[in-house]
Amino acid sequence: MNSLLEVNGVSVSFDGYKAVNELSFEIGEGELRAIIGPNGAGKTTFMDIITGKTKPDSGRVNWGTPSRNLLKMSESKIASLGIGRKFQRPTVFENQSVFDNLIISLQKKRDPLSSLFYRLNTEDRANVEELAEEIGLLESIDRIAGELSHGQKQWLEIGMLLAQRPKLLLIDEPAAGMTASEREHTTNLIKRTAGKHAVVVVEHDMEFVRRLDCRVTVLHEGSVLAEGNYEFVTNNKNVIDVYLGR
Amino acid sequence: MLSEGLGLGLLSTSYIKILGKTLCLCLAAIAMDLVWGYCGILSLGHFAFFALGGYMIGMWLMYERTKDIVINSLANNALPSTSEEIKEAIGTQIFGVVGGSDVPAIWYFADSLEVQLAFVIIIPGLLALVFGWLAFRSRVTGVYLSILTQAMTLALALYLFQNDSGLRGNNGLSGLQNIPGLTNVPQSLISIWFLWSSALVLTVFYFLAAWLVSGKFGNVIEGIRDDELRVRFLGYNVELYKLFVFTLTAIITAIAGALYYPQAGIINPAELAPIASIYLAVWVAIGGRGRLYGAVIGAAVVSLLSSVFTGGQVPNLSLGFATLHWVDWWTVFLGLAFVLVTLYAPKGIGGLADRLFIRGNNR
């Protein structure tokens, strides 16, 4: 499988505290991957580094073939390469309708003048409606995003990422605060859309991870502790010691 | 005669000027609403652009007017005067008050209306572009950006207060109500022309602003206001958008200023004191930010009330134990109104109007 993202020996520390320590990670095109780890394992910092929010002290982050160095790029540039990020708490534009939230996420030219002279056409409308259907919000398409339930906001945000036609999705704790049926919907959404693009899911909930049925990377103290399928990592002695056993 | 034809014959010239100036302030408020109400950048320095626009047009007005006077007075001389003599006489006329007689280099194009009109857009636009680029590139946001914009307008004011700034120090530019070439037209008529021009420009920019915020561009800048990070991670260059809005609104404000000061007649560095830009924000807040008509209502209501209460026309109110001097107490009431609006009607007058008239709408 072609490697899509390659993180090599990355370290970053905040005020002497090593949040990420010599971390290496690789994901292929269309692959679905779960990352688990206790609080402070460096999961969020890891995502910050990939998306350009945090610059690491050392290491390399390369993207695609031919490989490009992500460390030199701004957040918006990285995002436009096809890396979409879902934050832990749902971040959607609460004052705008579901439709408008999706429209500004569609993969289009992002400069001010293009936005200014953008005209809604039937193709984009159809795309947005299709997306809304996919995330289960077609009936709520004209509602203001702020009125949606917590779970619906999470789906809307995933929909916004899908609208960008990403190559890689980074999803931070999608199931947090969701009801059981919302979780199921979320799992299905992620599994169904994976394949078109690679997905990295950071999650605490082991049941959720089991249902994703994919390769799992366990982070601990800023580096990779174990990697393999769900059965392998849950039976791994080190993993049980630092994480599952607690 | 024309004034009666347009139904304004009942109003005195000074009232017409107040109305015309108010329309210019409404235009500045629209710009403020775009940059703050829609894009979330609380600029407390936009009045600097307003005044700069005024200075740019004021230079032409004052230079040409003085030139006319000088040529008329020199015409009585036995010998025809050379262009150097005329230039020196103009210099003495304009800059004698700050102890100079040379026309500074920045007045090089002051005899050209076209160039000075272009400067109304270019100079404030350039200042906004450079300032905005430095500030946004360093990701300065929120309160820090507001303070920085205050510092910008204060620094510019302090610079202009100096006699050697080339713009007559604290005297500023005066006599701007006298339009060169229109010396035979009475002020009562000129004021009406300016009123209608201001109304026209306000209308044009209102619709331009409405178009700007109606589409995807509007969604993006409102997104920047509400959740800058999300917009950035959607792949939008947030800094570029902020710079675009900041510079565009600076230019709109400058155009408003260029229409305002010929009606005010005088401009001096006190106009761009930090408090002026804060007033601009207060108007928009009281009118209702994020609503273009709210900005217009806020600027019109507050600045008109302000000119009524500070004009000395309203009789003092005797409360028995004390007398209420409106001139002194107006700002206190304005401040109180601002606090009350912030606390009880955060969407301003525009928001109240929405609640009254659009209640039937189930959205």
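All values reported here derive from a predicted model rather than from experimental measurement.

Novice: Even after reading the chapter, I still don't get the overall build of chain A, so can you show me in this structure?
Specialist: Helix and strand counts for chain A come out as 10 helices and 10 strands. Relative to the globule expectation of 18 Å for 246 residues, the C-alpha radius of gyration of chain A, 18 Å, shows essentially globular dimensions. Judged by the C-alpha coordinates and their principal axes, chain A covers about 55 × 40 × 35 Å. Here chain A holds 246 residues, and 43% of them are scored as buried. Within chain A, residue pairs in contact and separated by at least 24 positions form 66% of the contacts whose partners lie at least 6 positions apart.

Novice: It is not clear to me how the confidence of the model for chain B should be interpreted in this structure. Could you clarify?
Specialist: In low-pLDDT segments, the atomic positions of the prediction should not be examined closely. Mean pLDDT for chain B: 90, with 96% of residues reaching 70 or above. Two summary scores accompany this predicted model of the complex, namely pTM at 0.90 and ipTM at 0.87.

Novice: Which parts of the structure should I look at to understand the nonpolar core?
Specialist: The nonpolar side chains of a soluble globular protein tend to be buried, and buried together. With 169 residues, the main nonpolar core has L27, A28, A29, I30, M32 and L280 of chain B as its most contacted residues. Element by element, the count of residues in this core is highest for helix α2 (residues 13-38) of chain B, at 17 residues.

Novice: So what exactly am I meant to see when it comes to the packing of α2 of chain B against helix α7 (residues 187-214) of chain B here?
Specialist: Helix packing geometry: the angle between the two helix axes and the distance between the axes. All names here are of chain B. One way to put it is that α2 packs onto α7 with a least axis distance of 8 Å and a crossing angle of 15°. As judged from the angle between their axes, α2 and α7 are roughly parallel. Crossing handedness for the pair α2 and α7: left-handed. Tallied by class, residues from the contact of α2 with α7 come to 20 nonpolar, six polar and one charged.

Novice: What is the right way to look at the environment of Y63 of chain B in this model?
Specialist: All names here are of chain B. As for its position among the elements, Y63 is in helix α3 (residues 46-74). When the 22 C-beta atoms within 10 Å are taken as the criterion, Y63 is described as buried. With 46 residues separating them in the primary sequence, Y63 and F109 have C-alpha atoms 9.9 Å apart.

Novice: Sorry if this is basic, but what is going on with helix α8 (residues 216-226) of chain B here?
Specialist: In an α-helix, one turn spans 3.6 residues, which is why side chains three or four residues apart end up on the same side. In terms of burial, α8 of chain B is a largely internal element, eight of the 11 residues being buried. Listing the buried residues of α8 of chain B in full gives F217, G218, N219, V220, I221, E222, G223 and I224 of chain B. Considering only its buried residues, α8 of chain B is in contact with α3 (98-103) and α4 (112-116) of chain A together with α2, α7, α9 (228-233) and α10 (238-264) of chain B.

Novice: What's the story with the sheet that holds strand β4 (residues 58-63) of chain A in this structure? I'm lost.
Specialist: All names here are of chain A. The four strands lie next to each other as β2-β1-β4-β5, forming an open sheet whose pairing is antiparallel. Edge positions in the open sheet fall to β2 (17-28) and β5 (68-69), since each of these has one partner strand only. Pairing geometry for β4 and β5, over two bridges, is antiparallel. For N62, the partnering residue across the bridge sits in β5 and is N69.

Novice: Teacher, can you tell me more about the sheet that holds strand β8 (residues 198-202) of chain A here?
Specialist: Sheet strands pair via backbone hydrogen bonds, and the direction of the pair is either parallel or antiparallel. All names here are of chain A. Read across the sheet, six strands follow the order β6-β7-β8-β3-β9-β10 without closing on themselves; strand pairing throughout is mixed. The sheet is open, and its two borders are formed by β6 (83-86) and β10 (223-228), each paired with just one other strand. Here the strands of the sheet are splayed against their neighbours by 20° on average, with no regard to which way each runs. Looking at chain direction, β6 and strand β7 (residues 168-172) are connected through four bridges and run parallel. When the sheet's bridge partners are listed, R85 is paired in β7 with L170. The sheet strands contacting helix α1 (residues 43-50) are β3 (32-36), β6, β7, β8 and β9 (215-220), and the helix crosses β7 at an angle near 150°.

Procedures and definitions
Residues numbered from 1 in each chain as written. Chains lettered and ligands numbered in written order. Predicted model: local features only at pLDDT ≥ 70, side-chain atom pairs only at ≥ 80, totals over all residues. Helix = DSSP H or I, 4+ residues; strand = E, 2+ residues; numbered from the N terminus. Rg over C-alpha atoms; globule rule 2.2 N^0.38 Å. Buried ≥ 20, exposed ≤ 12 C-beta atoms within 10 Å, placed from the backbone. Contact = placed C-beta atoms within 7 Å. pLDDT = per-residue confidence, 0-100. Core = buried A, V, L, I, M, F, W, Y, C linked by C-beta atoms within 7 Å. Axes fitted to C-alpha atoms, helices over the stretch in contact; angles between N-to-C directions. Parallel < 35°, antiparallel > 145°, perpendicular 65-115°, else oblique. Left-handed = near helix turned anticlockwise from the far one by under 90°. Nonpolar A, V, L, I, M, F, W, Y, C, P; charged D, E, K, R; others polar. Pairing = 2+ DSSP bridges.

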